[in-house]
Amino acid sequence: MKTLKLATALVASVALPAAAFATDLEVTHWWTSGGEAAAVAELAKAFDASGDKWIDGAIAGGGGTARPIMISRITGGDPMGATQFNHGQQALELVEAGLMLDLTDVAEANNWKEVVFPPSLLDACTVDGRIYCAPVNIHSPEWLWLSNKAYADAGIPVPTNWNEFVETAPQLEAAGKIPLALGNQPWQSNLAFGAISIAVAGLDVWKQVNVEKNMDVAAGPEYAAVFQAVADARKLAAKSTVQDWNQATNLVITGEAGGQIMGDWAQGEFQVANQVAGTDYTCLPGLGLNAYLSTGGDAFYFPKNKSADVEEAQKRLAALLVSPEVQVAFNLKKGSLPIRGDVDLAAANDCMKKGLELLAQGNLVPSGDMAWSPDVQKQNEDLLVEFWKTDMAPEVAHQQWVANLKSGL
Ligand code: GAL
């Protein structure tokens, strides 16, 4: 009888830890393309393997659609366990309203202040000295992705920079290709404008306008050249009729289009299509002109929940997202750079290696994206949509763009 009691106690002790940890967490995000889904699967796999359960809450339509849904659920008393936002101030009001879980104890227990690089990513999670998010990646929008097949079909060399891309575009068109693939959502043409600005005007001029707010420079010849370059680009994208960014990436993957200006999350699509960087496609950070990267990307926030079990599981997930193993597995699939410098990315492909090199060199665009008020940003986003979609003269768009900036001074 004694043996049976001992055996029963042993089984119970073995069973208990798994049962104690098995908490479901609903995680919302807007990663629904092939590459993004493959990357999310790495996060879910790691969380499930740790004994908890990832309940996937993917929201289609991109960040512009997903964020309002996330925010209304949190403010409406129907919080998810964790949710994606971009680095920056998108969740600031929710934190200030006391709706988000303080992760400072997790950050301290796991030395986030020492391991997260660049430190600006953790600064973006910090409000009044407390940490409220787990950064998960670094994405940069300033890339030109080129289809080696499209250029081979046209019998011309793959361009090494934006200027060559524009110069050889007529030969691509003669070969039946769409020179520039572009999806039909405002954030995509806005992203292309931002990338062309730094590539054509250079980082110094970009900083004079977006950080020092020098309106004479904004109205000057360097930005006149930017608006002319955007006018060139819109002609090259005229036959790109797709909607979503990953549909535009697919035009490059299949060789129907020569190139796409898009963030390095496009890498995930090339990977899912089993394409090899350098062989099947070519990546040009800074469009091959001024190789600087802005440290955009994503972080997870944890809305306060009523249950202590959920809060413990939220903290376990936060720690897991920043862990070296998950950082490698997730970022390799996502096409983004890890948020810590102490991980071994031996499997990084040519494009990720270019990004890591720029990160190590400090070729980073300052986070001036917060330099302008949401109102000015919205005015200029609307202006740029009209400029990309109509035959508005570049000098007219340039003048209006400067006037919008001046309204925010
Ligand atoms: C960005 C996000 C990336 C990528 C992209 C397209 O905001 O940081 O992870 O998913 O949207 O959906």
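All figures in this text were calculated on a predicted structure; none of them were measured in a lab. (Residues numbered from 1 in each chain as written. Predicted model: local features only at pLDDT ≥ 70, side-chain atom pairs only at ≥ 80, totals over all residues. Heavy atoms only, no water.)

Draft legend 1. View of empty space enclosed by the protein. Counted according to the given criterion, the structure contains one cavity of 30 Å³ or more. Approximately 40 Å³ is the volume attributed to the largest cavity. What lines the largest cavity is simply Ile138, Ser140, Asp264, Leu293, Ser294, Thr295, Leu337, Gly355, Leu359 and Leu364. Listing elements by their share of the lining of the largest cavity, those giving two or more residues are β11 (293–294) and α18 (350–361). Across the lining of the largest cavity, the residue classes break down as five nonpolar, four polar and one charged. (1 Å grid on protein atoms, 1.4 Å probe; cavity = no way out; pocket = protein on both sides within 12 Å on 5 of 7 lines; lining within 4 Å. Points joined across faces, edges and corners; volume = space filled by probe spheres on them. Helix = DSSP H or I, 4+ residues; strand = E, 2+ residues; numbered from the N terminus. Nonpolar A, V, L, I, M, F, W, Y, C, P; charged D, E, K, R; others polar.)

Draft legend 2. Helix α10 (residues 186–201), seen in detail. The terminal C-alpha atoms of α10 lie 22 Å apart, and with 16 residues this matches the ideal 22 Å at 1.5 Å per residue to within 8%. Those residues of α10 that fall on the buried side of the exposure criterion are Gln188, Ser189, Leu191, Ala192, Phe193, Ala195, Ile196, Ser197, Ile198, Ala199 and Ala201. Directly beyond the C-terminal end of α10, a positive phi value near 90 degrees is found at Gly202. (Expected span 1.5 Å × (residues − 1). Buried < 20%, exposed > 50% of the residue type's maximum accessible area, 1.4 Å probe, protein only.)

Draft legend 3. Expanded view of the site of the ligand. Taken together, Trp30, Trp31, Glu36, Asn86, His139, Trp245, Trp265, Asp298 and Lys334 form the complete shell of residues around the ligand. Interatomic distance of 3.0 Å between a side-chain N/O atom of Asn86 and an oxygen atom of the ligand. Within the side chain of His139, a nitrogen or oxygen atom sits 3.5 Å from an oxygen atom of the ligand. Taken by itself the ligand offers 310 Å² of open surface, and the protein chains cover 90% of this. The residue inventory of the shell around the ligand, partitioned by class, reads four nonpolar, two polar and three charged. (Near = heavy atom within 4 Å. Polar contact = N/O pair within 3.5 Å; in protein donor to acceptor, adjacent residues only side chain to side chain. Areas by Shrake-Rupley, 256 points an atom, 1.4 Å probe, with all protein chains shown as cover.)

Draft legend 4. Up close: the pairing of strand β7 (residues 143–147). For β7, the tally of buried residues reaches five of five residues, placing the bulk of the element in the interior. Sheet topology note: the β7/strand β10 (residues 281–285) ladder contains five bridges and is antiparallel. When the bridges of β10 are listed, Ser147 appears paired with Tyr281. Sheet topology note: the β7/strand β9 (residues 257–261) ladder contains three bridges and is antiparallel. Within β9, the position partnered with Trp145 by the bridge is Gln260. (Pairing = 2+ DSSP bridges.)

Draft legend 5. Representation of the nonpolar core. Counting 72 residues, the largest nonpolar core has Trp162, Ile196, Tyr223, Ile261 and Trp401 as the members making the most contacts within it. Setting aside its immediate chain neighbours within four residues, Ile196 contacts Trp162, Ala201, Val226, Ala229, Val230, Ala233, Ile261, Leu287 and Trp388. In terms of nonpolar packing, the next biggest core, distinct from the first, is built from 59 residues, Met70, Met80, Val106 and Leu122 among them. (Core = buried A, V, L, I, M, F, W, Y, C linked by side-chain atoms within 4.5 Å. Contact = heavy atoms within 4.5 Å.)

Draft legend 6. Just the sheet that holds strand β2 (residues 53–58), in detail. Across the sheet, which stays open at both edges, the five strands sit in the order β2-β1-β3-β12-β6 with mixed pairing between neighbours. The sheet is open, and its two borders are formed by β2 and β6 (133–135), each paired with just one other strand. Each neighbouring strand pair of the sheet contributes to a mean axis angle of 30 degrees, computed without reference to strand direction. Bridge count for strand β3 (residues 82–86) against strand β12 (residues 298–301) is four bridges, and the pairing is antiparallel. Counted as the bridge partner of Thr83 is Tyr301 from β12. The strands touched by helix α2 (residues 34–49) are β1 (24–29), β2 and β12; relative to β2, the strand with the most contacts, the crossing angle is about 155 degrees. Contacts between helix α3 (residues 63–75) and the sheet are confined to β1 and β3, with β3 contributing the most and set at about 135 degrees to the helix. (Axes fitted to C-alpha atoms, helices over the stretch in contact; angles between N-to-C directions.)

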